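# Geometric and topological summary
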Amino acid sequence: MKKYFLLCSLLLVIGCQTYKQKSPNIVFFLVDDHAFKALSAYEGSLIETPNLDRIANNGMRFDAACVTNAICAPSRTVILTGTHSHINGVVDNGSRFDSTQPTFPLLMQEAGYQTALIGKWHLKSNPVGFDYWDILIGQGQYYAPEFMKSVNGSEPVKRILEGYCTDLTTDLTIDWLGEKRNKDKPFLLLCHHKAPHRSWMPGPNQLELFADTEFPEPETLFDDWKGRASPASTQEMTISDHMYLWHDLMVPPEEGTTLEGPDKWAHANVDRMSDSQRTAWDETFDPENDAFIKSDLKGDDLTRWKYQRYMKNYLRCIKGIDENVGRLLDYLEENDLNENTIVVYMSDQGFFLGEHGWYDKRFMYEPCLRIPLLISWPGITDKGSNTEALVQNLDLAQTILAMAGIDAPTRMQGESLVPILKGETQTCRDALYYHYYEFPGVHNVQRHEGVRTNQYKIIHYYEIDEWELFDFKTDPTEMKNLYNDPQYADIQNDLKRKLDSLKIKYEVPRT
Ligand code: CA
């Protein structure tokens, strides 16, 4: 009997060790406002991102990845909980996350993973489900950001770190991997970058990039929004009228200028820099700013100048991400972690890079509805593969749990993408549900909900009862509203039926 007990114990230990060896590590990059056309693994990219492309080349690129609600805190909560905004309660950026809800990090922690979160959090309540977290406070700052840290549930400690946010987030992440990781456990490591969020302040290593580059203008830069529902005209997110020279475009005001909007606090962004950082900053921007002020641009010429300045700084922020993701991938390779570590790269939503004359997000239009999503799963996912499957940020929680062999709670509303990653299927859903809530609010975008298939989308601005229908295969820039076009009557009715059925499926309260 004693021998039998010892044998069972031995088998149990061996079994546990085998399980441990097989449980993959997961590095999850979440970046803020990264448009898919600023990532060279995707067609038509404005820049080269060789390190982000390494993830795509080593795994799968998702070509139809979308969000449920194109705004920061809501998307982050959808990703964590695998539930739509009306279920998890974070419907807009003013909502506080109820951290008693089940999330994939909490479930993985309970299942024996060591869990860590470093970088942007932005959910008002403190993180739950992490052995270690070190987060930016609120939106965080690009230069000399303030971080707040807690280890194994300790009282959070705040401190300001000297340096640039994207670099520091990577330094902290690599430090955790090297010094704080329990090497007997599989790990889940969330590396959440603030960049390239507004106000698009580049890091010291990227300041000199694109000095002589002229980026192509989107064909809809001077859109007049005719034919679309009224919210396209009443928004307040145009490059021409709603982008601030000081806060958004790094042109300091002349003395005595009355500052409006975000320009009132823009000085705080550069006041955080060290003397050497500020010198490098001024050497980059001063000559161009002087020339700009002398040129006294007006009208479309002024919009064109703003677009170029916006693109340069936004894309410099992305290049900072690319360099830093490369540093972390190098670390994984150099420390024999790459073979058993899944890498996920995604953005919390897309972003307008001048399409329709806009910056920001919120609308259910393609530039911000779609996100870059890259997943490498060594030994499982074919290298350099891609999929057209219609997937969402809603799916990540269940996907990551499934990768780790952990059952997802029935409350979660997404789909595991594991069968797609294994090459067993190319489909996920035939239509997705979208719902944006933050109105009234900054940028003045009306509430709307809608459905997108792999060719069409229907959008309902339900508080003003206006509709849009687009065929984005034949009209990729979504300029032609086909709602009530008799030729599309059957498609319109079908999309409305899908909207109704998805609202029932996801238990959406009546609007
Ligand atoms: Ca965001």
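Model, not experiment: these values are computed from the prediction.

Calculation criteria
- Residues numbered from 1 in each chain as written.
- Predicted model: local features only at pLDDT ≥ 70, side-chain atom pairs only at ≥ 80, totals over all residues.
- Heavy atoms only, no water.
- Phe/Tyr/Trp six-rings, centres within 6.5 Å; stacked < 30°, edge-to-face > 60°.
- Helix = DSSP H or I, 4+ residues; strand = E, 2+ residues; numbered from the N terminus.
- Buried < 20%, exposed > 50% of the residue type's maximum accessible area, 1.4 Å probe, protein only.
- Lys NZ or Arg CZ within 6 Å of the ring centre and 35° of its normal.
- Patch = residues over 30% accessible without salt bridge, like charges linked within 9 Å, V, L, I, M, F, W, Y side chains within 5 Å.
- Areas by Shrake-Rupley, 256 points an atom, 1.4 Å probe, with all protein chains shown as cover.
- Salt bridge = Lys/Arg side-chain N within 4 Å of Asp/Glu carboxyl O.
- Lys, Arg positive; Asp, Glu negative; His and termini not counted.
- Charge placed at Lys NZ, Arg CZ, Asp CG, Glu CD.
- Donors = N, O, S within 2.8 Å, 3.2 Å for Na, K, Ca; no water.
- Contact = heavy atoms within 4.5 Å.
- Polar contact = N/O pair within 3.5 Å; in protein donor to acceptor, adjacent residues only side chain to side chain.
- Pairing = 2+ DSSP bridges.
- Axes fitted to C-alpha atoms, helices over the stretch in contact; angles between N-to-C directions.
- pLDDT = per-residue confidence, 0-100.
- Core = buried A, V, L, I, M, F, W, Y, C linked by side-chain atoms within 4.5 Å.

Right, let's get into the packing of aromatic side chains. If you walk through the whole model with that rule in mind, you get 26 aromatic pairs. When the centroid spacing of 4.7 Å and the interplanar angle of 50° are considered together, the rings of W200 and Y310 count as tilted. You can see W200 sitting in the loop between β8 (187-192) and α7 (231-234) and its partner Y310 sitting in helix α10 (residues 299-334), a full 110 residues away along the chain. For the pair W200 and Y310, one class covers both residues: buried. Considering the side-chain rings of F363 and Y365, the 5.0 Å spacing of their centres and the 10° angle between planes classify their relative orientation as stacked. Each member of the pair, F363 as well as Y365, carries the same accessibility label: buried. Through a chain of ring-to-ring contacts, the aromatic side chains of W225, F352, W358, F363, Y365 and F470 assemble into a single cluster. In this structure, R370 is placed above the aromatic ring of F36, and the distance from its NZ or CZ to the ring centre is 3.7 Å.

Following A195, the chain continues into P196 via a peptide bond in cis, with omega recorded as 0°. Its location among the elements puts P196 in the loop between β8 and α7. F439 connects to P440 through a cis peptide bond whose omega is -5°. For P440, the location among the structural elements is in the loop between β13 (432-436) and β14 (448-452). In the Ramachandran plot, D465 falls in the positive-phi region, its phi being about 50° despite a non-glycine side chain.

Attention now goes to a negative patch on the surface. A cluster of like negative charges, contributed by E208, E283, D286 and D290, occupies part of the molecular surface. Secondary-structure assignment places E283 in helix α9 (residues 275-295). Given a relative accessible area of 60%, E283 falls into the exposed group.

To continue, consider the coordination of the calcium ion. Donor atoms from the polypeptide that coordinate the calcium ion comprise D32 (OD), D33 (OD), C72 (SG), D348 (OD), D348 (OD), Q349 (OE1) and Q349 (NE2), at 2.2 to 3.0 Å from the metal. Of note, the calcium ion draws all its donor residues from one chain, in the sequence arrangement D-D-x38-C-x275-D-Q. Here the residue C72 occupies a position in helix α3 (residues 72-81), and D348 occupies one in the loop between β9 (341-347) and α11 (366-369), the gap between them amounting to 276 residues. Side by side, C72 and D348 carry an identical accessibility label, which is buried.

Bringing the environment of M250 into the picture now. Within the secondary structure, M250 sits in the loop between α7 and α8 (267-271). Residue M250 is classed as buried on the basis of its relative accessible area, which comes to 5%. C-alpha separation for the pair M250 and V270, spaced 20 residues apart in sequence, amounts to 9.4 Å. Look past the residues within four positions of M250 in its chain and what remains in contact with it is S199, W200, M201, L245, W281, F285, N289, R309 and N313.

What follows covers the side chain of H356. Tracing the chain through its elements places H356 in the loop between β9 and α11. Owing to a relative accessible area of 2%, H356 belongs among the buried residues under this scheme. At 2.8 Å, the side chain of H356 and the side chain of D223 are in polar contact. The contact partners of H356, leaving out residues within four places of it in the chain, are T220, L221, D223, W225, R228, Y365, T477, E478 and M479.

With that settled, the discussion passes to the sheet that holds strand β15 (residues 456-461). Pairing is antiparallel in the open sheet, where 4 strands are placed in the order β13-β14-β15-β16. Each edge of the open sheet is held by one strand with a lone partner, namely β13 and β16 (466-471). Direction aside, the axes of adjacent strands within the sheet are offset by 15° on average. Looking at chain direction, β15 and β16 are connected through 6 bridges and run antiparallel.

Quick look at the confidence of the model for the protein now. Close inspection of predicted coordinates is inappropriate in any region flagged by low pLDDT. Overall, the prediction assigns the protein a mean pLDDT of 95, with 96% of residues at 70 or greater. This stretch, residues 10-20, has a pLDDT under 50; its non-local contacts, to residues over four places away or in other chains, come to 2 contacts.

This part covers the nonpolar core. Within the largest apolar cluster, 70 residues are counted, with the highest numbers of intra-cluster contacts made by F62, F104, M108 and L373. At 5 residues, the largest contribution of residues to this core is made by helix α12 (residues 396-403). Not counting the four nearest positions on each side in its chain, M108 is found in contact with I26, Y113, T115, L188, I400, L401, A404 and I406. Core analysis: the next-biggest nonpolar cluster, separate from the first, contains 69 residues, A116, C165, L207 and L332 among them.

This part takes up helix α6 (residues 165-180). Buried residues of α6: C165, T166, D167, L168, T169, T170, L172, T173, I174, W176 and L177, and no others. For α6, the elements touching its buried residues are β4 (114-119), β5 (132-136), β6 (146-151), β7 (157-160), β8 and α10.

Right, let's get into the sheet that holds β6. Reading across from one edge, β7-β6-β5-β4-β8-β1-β9-β10-β2-β11 is the order of the 10 strands in this open sheet, with mixed pairing throughout. For this open sheet the edge positions go to β7 and β11 (385-387), each flanked by a neighbour on one side alone. Taken pair by pair, the neighbouring strands of this sheet meet at an average axis angle of 15°, ignoring direction. Where β9 and strand β10 (residues 373-376) come together, 4 bridges link them in antiparallel fashion. Pairing of M346 across the sheet is with L373, part of β10. Docked against the sheet, helix α2 (residues 50-57) engages β1 (25-31), β2 (60-62), β9 and β10, running at close to 60° with respect to β10.

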